[in-house]
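This is what each chain is made of:
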Amino acid sequence: MLLFRSLVFDAVLYLLMGVMGILGAPLALWSVDGAYAVCRAYCGAVLFCLRVICGLRVEVRGEVPKGEVLVGSKHQSFLDILILFRALPRAKFIMKKELRWAPILGLYALRIGSTPVNRGDRSKAMKAMVAHAGEAREPRQLVIYPQGTRVAPGARLPYKVGAGVLYERMGVTCVPAATNAGVFWGRRSPYRRPGLAVVEFLAPIAPGLPVAEFMPRLEAMVEEASDRLMREAGFDPALGEISRAKPIASD
C-alpha cells in the first residue's frame, strides 16, 4: 500500500503542477506578486495532499527569517523546497541553469527572481550568483544549498565555497536551515513515507565573518541539526539506515 499511495500522490503532484501552473501563468506573467501567489498556493495544495494521501506531515521550527537574508539549507528532497517556499515570505533560489527550460517550473522560478547557474563552471557560477543577488528590488530570502545538490540522508558531501562568497559579497545575515525531509521522501525513491518531516531554521550567523571562518560554522550547524532531526525520525545517519528500535512508519 505504501508504494500505491506514493504513486497516487506523485500523479496528483504533477497534475496540480500542470493545472495550476497553466491556469496561473497569466498572473505570473502579469506580476511577481502573482507568481508568488500561484507558487504558494501550489505548495500548500501539495503539502495538503501529501498529508491526506501518504500520512506525511510537515513542520517548520525556529524563527522564520524575514527581510534580506541568505538561507543556507540542507537539501535532501523536493519536499524541503516546498516547505521552505511555503514558510519564507519572499523566497528565491540558486538553481541549476537546466531548470530554466523545465516546463512550468522554469517560468515560475525565473519570475520570482531565482538565479540559474552553471554548476560545471565554478567561476562563472559565482559571478552569476553575486551579480543576480544584487539585482533584487525588494528584500527577499535567497536560498542556497551549500552542497550544491540533493544529498541522501547519512551521506557526506563537501560544502562548496559559493555560499561563503555570497555571504561575504552580499554582507547580509545567513540563516542556516536543517532538515530530515529525505528520510521520508528520498532522492530518486518512489516512496513517500508517513511521519513528520521538519525544516528547522537555526541561529543566524551575523555578517562580517571571513569566508574561512563562516564555512565551517555553517557546515557544523547544519549537519549537527540535520543529524539530530534524522535521528528524531528514526534514521541513524551514522549507519545510514532506519533504526530498528524506532521505525519511520508502518503501513
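Quick notes on the rules
- Residues numbered from 1 in each chain as written.
- Predicted model: local features only at pLDDT ≥ 70, side-chain atom pairs only at ≥ 80, totals over all residues.
- Heavy atoms only, no water.
- Pairing = 2+ DSSP bridges.
- Helix = DSSP H or I, 4+ residues; strand = E, 2+ residues; numbered from the N terminus.
- Axes fitted to C-alpha atoms, helices over the stretch in contact; angles between N-to-C directions.
- Contact = heavy atoms within 4.5 Å.
- Buried < 20%, exposed > 50% of the residue type's maximum accessible area, 1.4 Å probe, protein only.
- Phe/Tyr/Trp six-rings, centres within 6.5 Å; stacked < 30°, edge-to-face > 60°.
- Patch = residues over 30% accessible without salt bridge, like charges linked within 9 Å, V, L, I, M, F, W, Y side chains within 5 Å.
- Areas by Shrake-Rupley, 256 points an atom, 1.4 Å probe, with all protein chains shown as cover.
- Salt bridge = Lys/Arg side-chain N within 4 Å of Asp/Glu carboxyl O.
- pLDDT = per-residue confidence, 0-100.
- Expected span 1.5 Å × (residues − 1).
- Bend = angle between axes of the 7 residues up to and from the residue.
- Core = buried A, V, L, I, M, F, W, Y, C linked by side-chain atoms within 4.5 Å.
- Parallel < 35°, antiparallel > 145°, perpendicular 65-115°, else oblique.
- Left-handed = near helix turned anticlockwise from the far one by under 90°.

K.L.:
I keep staring at the sheet that holds strand β4 (residues 115-117) and nothing clicks. Help me out?
P.N.:
Strands pair in a sheet through their backbones, by hydrogen bonds, and they do so in one of two ways: parallel or antiparallel. Spatial strand order, β1-β7-β6-β2-β5-β3-β4: 7 strands in an open sheet with mixed pairing. Each edge of the open sheet is held by one strand with a lone partner, namely β1 (56-61) and β4. Across the sheet, the axes of successive neighbouring strands diverge by a mean angle of 20°, strand direction being ignored. Strands in contact with helix α2 (residues 32-54) are β1 and β3 (91-96); relative to β1, the strand with the most contacts, it is inclined by about 130°. Here helix α6 (residues 162-170) sits on the sheet in contact with β2 (69-73), β3, β5 (141-144) and β6 (174-179), set at roughly 160° to β5.

K.L.:
Just checking my understanding: could you explain the pairing of strand β7 (residues 195-201) for this structure?
P.N.:
Of all 7 residues making up β7, 7 are buried, and the element is well covered by its neighbours. By the bridge criterion, 6 bridges tie β1 to β7 in an arrangement that is parallel. The residue of β7 that forms the bridge with Glu59 is Val198. Sheet topology places β6 next to β7; 3 bridges connect them, and they run antiparallel. Bridging across to β7, Ala177 finds its partner in Phe201.

K.L.:
I keep staring at the packing of aromatic side chains and nothing clicks. Help me out?
P.N.:
Where two aromatic rings form a pair, the distance of their centres and the angle of their planes describe that pair. What the rule picks out here adds up to 5 aromatic pairs. Measuring from centroid to centroid gives 5.5 Å for Phe9 and Trp185, while their planes differ by 90°, and the two rings are edge-to-face. With Phe9 in helix α1 (residues 2-30) and Trp185 in the loop between α7 (181-184) and β7, the pair connects residues that are 176 residues apart, well separated along the chain. Look at Trp185 and you get buried, because its relative accessible area is 5%. Consider the rings of Phe85 and Phe93, whose centres lie 6.4 Å apart with planes at 20°: the pair is stacked. Taking the relative accessible area as the measure of exposure, Phe93 reaches 10% and is therefore buried. Grouped by ring-pair contacts, the aromatic residues Phe9, Phe78 and Trp185 constitute a single cluster.

K.L.:
Sorry, what's going on with a nonpolar patch on the surface here?
P.N.:
Side chains of Met1, Phe4 and Val8 sit close together on the surface and give an oily, nonpolar patch of about 320 Å² of accessible area. Relative to the helices and strands, Phe4 resides in helix α1.

K.L.:
How do you make sense of the confidence of the model for the chain when you look at a structure like this?
P.N.:
Low pLDDT means the predicted coordinates in that region are not meant to be read closely. Per-residue pLDDT for the chain averages 89, and the proportion of residues at 70 or more is 88%. Here residues 244-251 scores under 50 on pLDDT; set against residues more than four positions off or in separate chains, the count is 15 contacts.

K.L.:
When you look at α1 in this model, what are you seeing that I'm missing?
P.N.:
Because an α-helix completes one turn every 3.6 residues, residues spaced three or four positions apart along the sequence face the same direction. Taking 1.5 Å as the rise per residue, α1 with 29 residues should run 42 Å; its terminal C-alpha atoms sit 41 Å apart, in good agreement. Of all the bends found along α1, the most pronounced is centred on Gly24 and spans about 50°, while Pro26, a proline, follows it within four residues.

K.L.:
Sorry if this is basic, but what is going on with the nonpolar core here?
P.N.:
Within soluble globular proteins, side chains that are nonpolar generally end up buried alongside one another. By size, the foremost hydrophobic cluster in this structure holds 45 residues, and its most contacted members are Phe9, Leu50, Leu79 and Phe85. Looking at this core, the elements that each hand over two or more residues are α1, α2, β2, α3 (78-87), β3, β6, α7 and β7. Here this core gets 12 residues from one element, more than from any other, and that element is α2. Sequence-distant contacts of Phe9, that is, excluding residues within four places in its chain, are made with Val46, Cys49, Leu50, Ile53, Cys54, Trp185 and Arg192. Ala163, Leu166, Cys174 and Leu209 belong to the second-largest nonpolar core, a separate cluster that totals 19 residues.

K.L.:
Whenever I open this one, the pairing of β5 confuses me. Can you help?
P.N.:
The two faces of the sheet receive side chains in turn, since in a regular strand these alternate between them. By the alternation rule, side chains of β5 split into Gln141 and Val143 and Leu142 and Ile144, which are all buried. Sheet topology places β2 next to β5; 4 bridges connect them, and they run parallel. Bridge pairing in β5 links Gly72 to Ile144. Bridging between β3 and β5 involves 3 bridges; their strand directions are parallel. Of the residues in β5, the one forming a bridge with Ala91 is Gln141.

K.L.:
Teacher, can you tell me more about the packing of α2 against α3 here?
P.N.:
Two packed helices can be described by the angle between their axes and the distance between those axes. Taken N-terminus to C-terminus, the directions of α2 and α3 make an angle of 125°; their axes are 9 Å apart at the nearest point. Viewed along their axes, α2 and α3 adopt a mutual orientation that is oblique. Seen from above, α2 lies across α3 with left-handed handedness. Across the interface between the two elements, Tyr36, Cys39, Arg40, Tyr42, Cys43, Gly44, Val46, Leu47 and Leu50 of α2 pack against Leu79, Leu82, Phe85 and Arg86 of α3.

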